[in-house]
Amino acid sequence: MNNDLIVVYKFGSRFGGDLSPKEGINIYELHAREHGGKVLFTINKAPKAEFRDRIKEIILMTKDGSFAIKADVDFTGKGNIINPPADYTVPSIWDNEDREEMGWFAISNLRRVRINRGDYTSVNGKDLIDSMSGNAYMVYVNKHNEFI
């Protein structure tokens, strides 16, 4: 049985609403396009250690799934315990963040996708769209459950 996971993050507005969820996701796509297809995605809450090695892909999405990016996860880590590979960089808009405690994903092969109801089921059995339309901002999906 395949135990690989996809980790999914829902984007919200940032900078007091000046950056929409769609614009936030788009920044990562544009950065990767200008940096050999690679980008470093950082997040305040890193995945639990027992899940990190199983995460093979990541989805960055809006609440309704109408705008999303799926990417390969090449490396993961937390804070400065393991530094990310030098050829994965963070979009400059995030240069001021304190990454000492943050989780990070070195990602590549970004592609735009649309998430529809029924495409993915979270590890707790809920449809991904239902999970993300509520308060959840991070969900794990079993890779074998994907239908795209």
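Criteria and thresholds
Position numbers for residues count from 1 along each chain, tracking the sequence in the order it is written. A pLDDT threshold of at least 70 governs which residues receive local features in this predicted model, and a stricter bar of 80 or more applies before side-chain atom pairs are shown or counted, although totals over entire chains, interfaces and linings include all residues. Side-chain metrics rest on all non-hydrogen atoms present in the structure, leaving aside hydrogens and water. Pairs of strands are assigned from DSSP output, requiring at least two bridges between the strands. In this text, helices come from DSSP runs of H or I with a minimum length of four residues, and strands from runs of E with a minimum of two, each type numbered from the N-terminal end. Angular values range over 0 to 180 degrees, each being the angle between N-to-C directions of two axes fitted as lines to C-alpha atoms, with helices fitted over their stretch in contact. Any pair of residues with heavy atoms lying within 4.5 Å of one another is described as a contacting pair. Space inside and on the surface of the protein is sampled on a 1 Å grid over the protein atoms alone, with a cavity defined as a set of points where a 1.4 Å probe fits but cannot get out and a pocket as an open set with protein on both sides within 12 Å along at least 5 of 7 lines; lining residues have an atom within 4 Å of a point. Grid points are joined across faces, edges and corners, and a volume is the space filled by probe spheres set on the points. Side-chain classes follow a simple rule in which Ala, Val, Leu, Ile, Met, Phe, Trp, Tyr, Cys and Pro form the nonpolar group, Asp, Glu, Lys and Arg form the charged group, and the remainder, Gly included, forms the polar group. Pairs were defined over the aromatic rings of Phe, Tyr and Trp, the Trp ring being its six-membered one, requiring ring centres within 6.5 Å. Orientation was assigned from the angle between planes: stacked under 30 degrees, edge-to-face over 60, tilted for the rest. Distance and chemistry together define a polar contact, namely a pair of N or O atoms within 3.5 Å, with one atom able to donate a hydrogen and the other to accept it when in protein, and with adjacent residues in sequence counting only for side-chain atoms on both sides. Only protein chains enter the accessibility calculation, which uses a 1.4 Å probe; a residue is then buried when its area is under 20% of its type maximum, exposed when over 50%, and partly exposed in between. Buried Ala, Val, Leu, Ile, Met, Phe, Trp, Tyr and Cys residues that are joined via side-chain atoms within 4.5 Å together make up what is termed a nonpolar core.

Enquirer: Can you explain the sheet that holds strand β3 (residues 55-61)? Please cite residues and give values.
Expert: A sheet is described by the order of its strands in space; here six strands give the open sequence β2-β5-β4-β3-β1-β6, paired in mixed fashion. Two strands lie at the open edges of the sheet, namely β2 (38-43) and β6 (138-142), each paired on one side alone. Within the sheet, the average angular offset between the axes of one strand and its neighbour, ignoring direction, is 35°. Alignment of β2 against strand β5 (residues 103-113), held across six bridges, turns out to be antiparallel. In the strand pairing of β5, I43 is matched with G103. Helix α1 (residues 21-34) rests against β2, β3, β4 (68-78) and β5 of the sheet, and its axis sits at about 150° to β2.

Enquirer: Break down the layout of surface pockets for me, citing the residues and quoting the values.
Expert: Rolled over the atoms, a probe as big as a water molecule pinpoints where empty space is left. Quantified by volume, the largest pocket comes out at close to 310 Å³. Counting only elements with at least two residues in the lining of the largest pocket, the list comes to β1 (5-10) and β2. In terms of residues, the lining of the largest pocket owes the most to one element, β2, which gives three residues. Taken together, the residues that form the lining of the largest pocket break down as eight nonpolar, four polar and four charged.

Enquirer: Got a sec to walk through the packing of aromatic side chains? Specific residues and values, please.
Expert: Under the definition given, this model contains eight aromatic pairs. Ring plane angle 65° and centroid distance 5.9 Å describe the contact between Y9 and F105, whose orientation is recorded as edge-to-face. Here Y9 is found in strand β1, whereas its partner F105 is found in strand β5, with 96 residues between them in sequence. On the numbers, 4.4 Å between centres and 35° between planes, the contact of F51 with Y140 is tilted.

Enquirer: Would you mind going over the environment of G36 in detail, with residue names and values included?
Expert: Tracing the backbone shows G36 in the loop between α1 and β2. Considering only alpha carbons, one finds G36 and E57, 21 residues apart in sequence, at a separation of 18 Å.

Enquirer: Break down the side chain of K10 for me, with residues and values.
Expert: Here K10 shows up in strand β1. Engagement of the side chain of K10 in a polar contact is seen with the backbone oxygen of M132, the distance being 2.8 Å. The residues touching K10, leaving out its near neighbours within four places in the chain, are M61, T62, K63, M132, G134, N135, A136 and Y137.

Enquirer: If you had to explain unusual backbone geometry to someone new, which residues and values would you point to?
Expert: Positive phi outside glycine occurs at N109, with the angle close to 60°. Counting through the fold element by element, N109 comes out in strand β5. When its relative accessible area of 42% is taken as the criterion, N109 is described as partly exposed.

Enquirer: So what about the nonpolar core? Which residues, and what values?
Expert: V7, Y9, F41, I58, L60, F105 and I107 are the most contacted members of the largest nonpolar core, which has 30 residues in total. When residues in this core are grouped by element, the largest group, five residues, is from β5. Sequence-distant contacts of Y9, defined by excluding residues within four places in its chain, comprise F41, I43, K45, P47, I58, I59, L60, M61, F105, M132, Y137 and M138. Membership of the second largest hydrophobic core comes to 13 residues, among which are L128, I129, M132 and V139.

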